[in-house]
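# Structural overview
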Amino acid sequence: MAFDNRFYAAAEAELNRIRQKDRNTEEMRLEEIKLKFPDIYALRTKLSGTSAKLLSAIADRDGNISEKLAEIEKDNLSLREQLRSALVSRGYPQDYLEPVCECKKCRDTGVIDGKRCSCFMDMVKKASAEEINRSSPLRLCTFNEFSLSYYDDSTPTQLGATARKIMEVNLSACIKYAEDFHIPYGGLLMRGKTGLGKTHLSLSIASAVIEKGYNVIYISAPDLMRMIEKEHFGNSPSDADTLGMVIKADLLVLDDVGAEFDTKFNQSAFYNIINDRMNASLPTIISTNLDHSELPKRYGERIYSRISTMEELVFVGSDVRVKKTRLS
Ligand SMILES: Nc1ncnc2c1ncn2[C@@H]1O[C@H](COP(=O)(O)OP(=O)(O)OP(=O)(O)O)[C@@H](O)[C@H]1O
Ligand SMILES: [Mg+2]
Ligand SMILES: [Zn+2]
């Protein structure tokens with residue numbers, strides 16, 4: 001998928017921040033060792049000195065250069081060995097004073113073998129997802145703010161258990177879903193009437209999965225369809241590729257499914273998104289007010305049969321939005 005240049009620029013900026021952080025960590029570690037263990041610091045200073053010796057040997061050109069180089073090389077190896085064992089004997093990892101990097105593959109250069117490293121491409125993807133997420137209420141909802149006290153615990157619902165018991169199971173399932181998140185992974189279908197916490201819990205999962213470093217897109221179906229339609233009919237910048245980003249995101253949270261306009265265009269976009277993501281084993285969380293009789297009517301059997309394979313959470317109780325407004 002082609003990304004817009006501004007997302008590359010955002011990734012470059014992020015990479016610079018990481019490099020700066022690496023350098024700061026190196027300086028702090030060196031400062032710490034200098035204070036606590038001057039003998040180790042002296043070794044380290046001596047080791048840095050060997051590079052200077054190397055340069056002057058090369059500059060000298062006095063005939064026996066290869067002999068000199070071999071000698072410096074020997075010194076260098078022995079100093080390195082002494083430094084490592086000195087660090088380990090004081091309880092530090094042996095590479096504590098080596099250059100620091102977050103990505104072992106590209107050593108925070110962003111490039112391996114002339115190609116962009118996967119760490120860099122992840123930053124590009126994240127920057128593009130952030131743009132879509134900017135308008136969403138992400139991070140406003142967490143599992144901790146989800147209270148079971150809003151759900152009745154006295155009378156059994158049609159499903160047998162009380163609303164509170166059912167919602168307790170749903171909450172645990174969502175926490176576990178976020179904790180165990182990996183790719184490939186299955187999807188979730190959150191179904192139920194208005195104001196029961198579907199958006200709250202799907203956003204809580206989205207936040208937790210973003211924290212784990214995945215590229216997550218949260219969007220409501222009406223907003224998404226409007227964006228895709230605009231791009232399709234050429235009414236927005238030509239570099240926007242919302243459909244592509246939504247299909248490729250590690251996790252897509254598609255909220256309010258069924259609230260978008262019921263058109264052939266939207267149905268087909270929805271089918272493509274669900275189908276492509278399932279074929280790539282990428283997880284999608286769908287939340288909807290529609291039930292099992294309305295879903296196939298609205299989207300047809302092809303989409304419905306795909307949605308039916310997702311783990312389903314049925315939300316029950318009475319409108320928490322109304323309860324909260326009354327209390328405030
Ligand atoms: N168990 C809960 N604890 C705390 N706040 C809750 C809980 N459930 C819902 N809320 C809050 O109530 C409001 C409505 O919830 P939410 O938007 O998640 O409902 P919904 O099921 O997505 O409804 P709709 O079908 O209308 O989209 C939100 O502000 C949400 O944060
Ligand atoms: Mg909602
Ligand atoms: Zn890398």
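Residues numbered from 1 in each chain as written. Chains lettered and ligands numbered in written order. Predicted model: local features only at pLDDT ≥ 70, side-chain atom pairs only at ≥ 80, totals over all residues.

On to the domain arrangement of the chain. Partitioning the chain into structural domains gives domain 1 (5-119) and domain 2 (135-327). For domain 1 and domain 2, the distance between their C-alpha centres works out to 47 Å. (Domains from an automatic or database assignment.)

The end-to-end C-alpha distance of helix H10 (residues 294-307), which contains 14 residues, comes to just 13 Å, noticeably less than the 20 Å that a straight helix rising 1.5 Å per residue would cover. When the local axis directions of H10 are compared, the greatest deviation, roughly 125°, occurs at Gly 300. Those residues of H10 that sit buried are Leu 295, Tyr 299 and Ile 307. (Helix = DSSP H or I, 4+ residues; strand = E, 2+ residues; numbered from the N terminus. Expected span 1.5 Å × (residues − 1). Bend = angle between axes of the 7 residues up to and from the residue. Buried ≥ 20, exposed ≤ 12 C-beta atoms within 10 Å, placed from the backbone.)

Moving on: the nonpolar core. Generally speaking, soluble globular proteins have nonpolar side chains that are buried together. Counting residues in each nonpolar core, the largest one holds 50 residues, and the members touching the most others are Ala 206, Val 216, Ile 217 and Leu 254. Other than its neighbours up to four places away in sequence, Leu 254 contacts Ile 219, Ala 221, Leu 224, Thr 284, Ile 285 and Ile 286. Of all hydrophobic cores here, the second largest spans 8 residues; its members include Ala 11, Phe 120, Met 123 and Val 124. (Core = buried A, V, L, I, M, F, W, Y, C linked by C-beta atoms within 7 Å. Contact = placed C-beta atoms within 7 Å.)

Remark: a regular strand shows side chains that alternate across the two faces of the sheet. For strand S6 (residues 284-288), the tally of buried residues reaches 5 of 5 residues, placing the bulk of the element in the interior. Neither face of S6 is exposed, since Thr 284, Ile 286 and Thr 288 on one face and Ile 285 and Ser 287 on the opposite face are all buried. Pairing analysis gives 4 bridges linking strand S3 (residues 188-192) to S6, with the strands arranged parallel. Residue pairing across strands places Leu 189 opposite Ile 286, the latter belonging to S6. Both strand S5 (residues 251-257) and S6 contribute to a ladder of 4 bridges, which runs parallel. Note on S6: the bridge partner recorded for Val 253 is Ile 285. Read from S5 through helix H9 (residues 264-279) to S6, the crossover connection turns out right-handed. (Pairing = 2+ DSSP bridges. Right-handed = clockwise from strand over helix to strand, strands pointing away.)

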